[in-house]
Amino acid sequence: MTTHASFIIGAYSITALVVAGLILRAYVDHRLQQRALAALEARGAGRRSRRG
Amino acid sequence: MIRELANPSRFMAYSGRLLPWLAGAAALALGVGLYMTWFTAPADYQQGETVRIMYLHVPAAWLSLFFYATMAASALGTLVWRHPLADVSQKAAAPIGAAFTFICLVTGSLWGKPMWGTYWQWDARLTSMLVMLLIYLGIMALWRAIEEPSRAARAVSILTLVGAVNVPIVKFSVDWWNTLHQPASVFRLGGPTIHSSMLIPLLVMALGFTLLGVTLHLSGMRTEILRRRVRTLPVLEAGRLGAQAA
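Just so we're clear, the structure is a prediction, and the values are computed from it rather than from any experiment.

**What about the overall build of chain B?**
Counting its secondary structure elements, chain B contains seven helices and zero strands. Projected onto its principal axes, the C-alpha coordinates of chain B cover approximately 80 × 35 × 30 Å. Every one of the 246 residues in chain B was classed for burial, and the buried ones make up 40%. Look at the contacts in chain B between residues 6 or more apart in sequence, and 77% of them connect residues 24 or more apart.

**Section: the overall build of chain A**
What chain A contains, in helices and strands, is one helix and zero strands. The buried share among the 52 residues of chain A stands at 19%.

**Examining the interface of chain A and chain B**
Of the residues lining the interface, 24 residues belong to chain A; the matching set on chain B comes to 30 residues. Taken together, the residues of the side of chain A that touches chain B break down into 13 nonpolar, nine polar and two charged.

**Examining unusual backbone geometry**
Although it is not a glycine, B:Arg82 sits at a positive phi angle of roughly 50 degrees. By secondary structure assignment, the location of B:Arg82 is in the loop between helix H2 (54–81) and helix H3 (86–116).

**What about the nonpolar core?**
Where a protein is soluble and globular, its nonpolar side chains tend to be buried together. Within the largest apolar cluster, 64 residues are counted, with the highest numbers of intra-cluster contacts made by B:Ile53, B:Ala60, B:Phe67 and B:Phe100. Within the residue set of this core, elements represented by two or more residues are helix H1 (5–42) of chain A together with helix H1 (8–40), H2, H3, helix H4 (124–145), helix H5 (149–163) and helix H7 (196–245) of chain B. It is H7(B) that provides the largest number of residues to this core, a total of 16 residues. Other than its neighbours up to four places away in sequence, B:Phe67 contacts B:Ala93, B:Ile96, B:Gly97, B:Phe100 and B:Gly213.

**Looking at the packing of H1(A) against H3(B)**
Viewed as axis vectors pointing N to C, H1(A) and H3(B) meet at an angle of 175 degrees, and their least axial separation amounts to 9 Å. Relative to H3(B), the element H1(A) lies roughly antiparallel. For the pair H1(A) and H3(B), the contacting residues are A:Phe7, A:Gly10, A:Ala11, A:Ile14, A:Thr15, A:Val18 and A:Leu22 in the first and B:Ile96, B:Ala99, B:Phe102, B:Ile103, B:Val106, B:Thr107, B:Leu110, B:Trp111, B:Lys113 and B:Pro114 in the second. Of the residues that constitute the contact of H1(A) with H3(B), the class distribution is 13 nonpolar, three polar and one charged.

**Some points on the environment of B:Met115**
All names here are of chain B. By secondary structure assignment, the location of Met 115 is in helix H3. The exposure class assigned to Met 115 is partly exposed, which follows from the 19 C-beta atoms found within 10 Å. Between the alpha carbons of Met 115 and Phe 100 there is a distance of 22 Å; along the sequence they are 15 residues apart. With sequence-adjacent residues up to four places away left out, Met 115 is seen in contact with Gln 47 and Thr 50.

Conventions adopted
Residues numbered from 1 in each chain as written. Chains lettered and ligands numbered in written order. Predicted model: local features only at pLDDT ≥ 70, side-chain atom pairs only at ≥ 80, totals over all residues. Helix = DSSP H or I, 4+ residues; strand = E, 2+ residues; numbered from the N terminus. Buried ≥ 20, exposed ≤ 12 C-beta atoms within 10 Å, placed from the backbone. Contact = placed C-beta atoms within 7 Å. Nonpolar A, V, L, I, M, F, W, Y, C, P; charged D, E, K, R; others polar. Core = buried A, V, L, I, M, F, W, Y, C linked by C-beta atoms within 7 Å. Axes fitted to C-alpha atoms, helices over the stretch in contact; angles between N-to-C directions. Parallel < 35°, antiparallel > 145°, perpendicular 65-115°, else oblique.

By themselves, these observations are geometric and do not establish any function.
The following block contains the structure:
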């Protein structure tokens, strides 16, 4: 490409990694909280508080 | 609308319907933007192919300021209007804004080395952007330091509003001081100085980054609402059981 290819590829690679990390973190965190909430509700907690 | 969304359950319902569309629009805009960046946008007559870093660097810088402005507005929502979702919005925005600030600094550094001959210069724009990243990290640390969400929200709101002083400094640093960084070339009086063959891909990439950021922000808010339910349900249950026993 050019003599500066490594800078361009580096910039795109780091951006892709950070964006992938943000998406993965959002997905994993959401799943963890969903599971924790489901486990609590399975134990009976929250049925009264979620009537509304 | 904002008052209607004050109910977390209603917010969860609306955002749950909106999120797949936003994510799809972000993927489409980023796909089109990357195609334009690599296949239709020309190389710069001075910078050559290195100008392609601009299509990441500039949208990341805009998103860094956008999410700080979102946090500052949410901080006002927490302190002044006591909107129940304002602190949720603040907390969800911080890591996204920090990530875009980091991307801006790293891509700027990788662009600076071949163009300026250095990865870093302590000039006003670069330094104020680094300060922005440190403020973001400080805000994230403060969220973790105070366990009770409403107390943490008040402390973070004050820090966020104090840190907002840095936003105009970042924006106007290239006008107020003599910097190595070039002045504004898109949002400026007199119109953009970039040719449309580069401006259009840049705007499409900025749209894609914005849609991605908003998708992540909404998703983060939904997760934070779930986290608070997980935190409060055992407390409510213990209170209910205690009342029954008494």
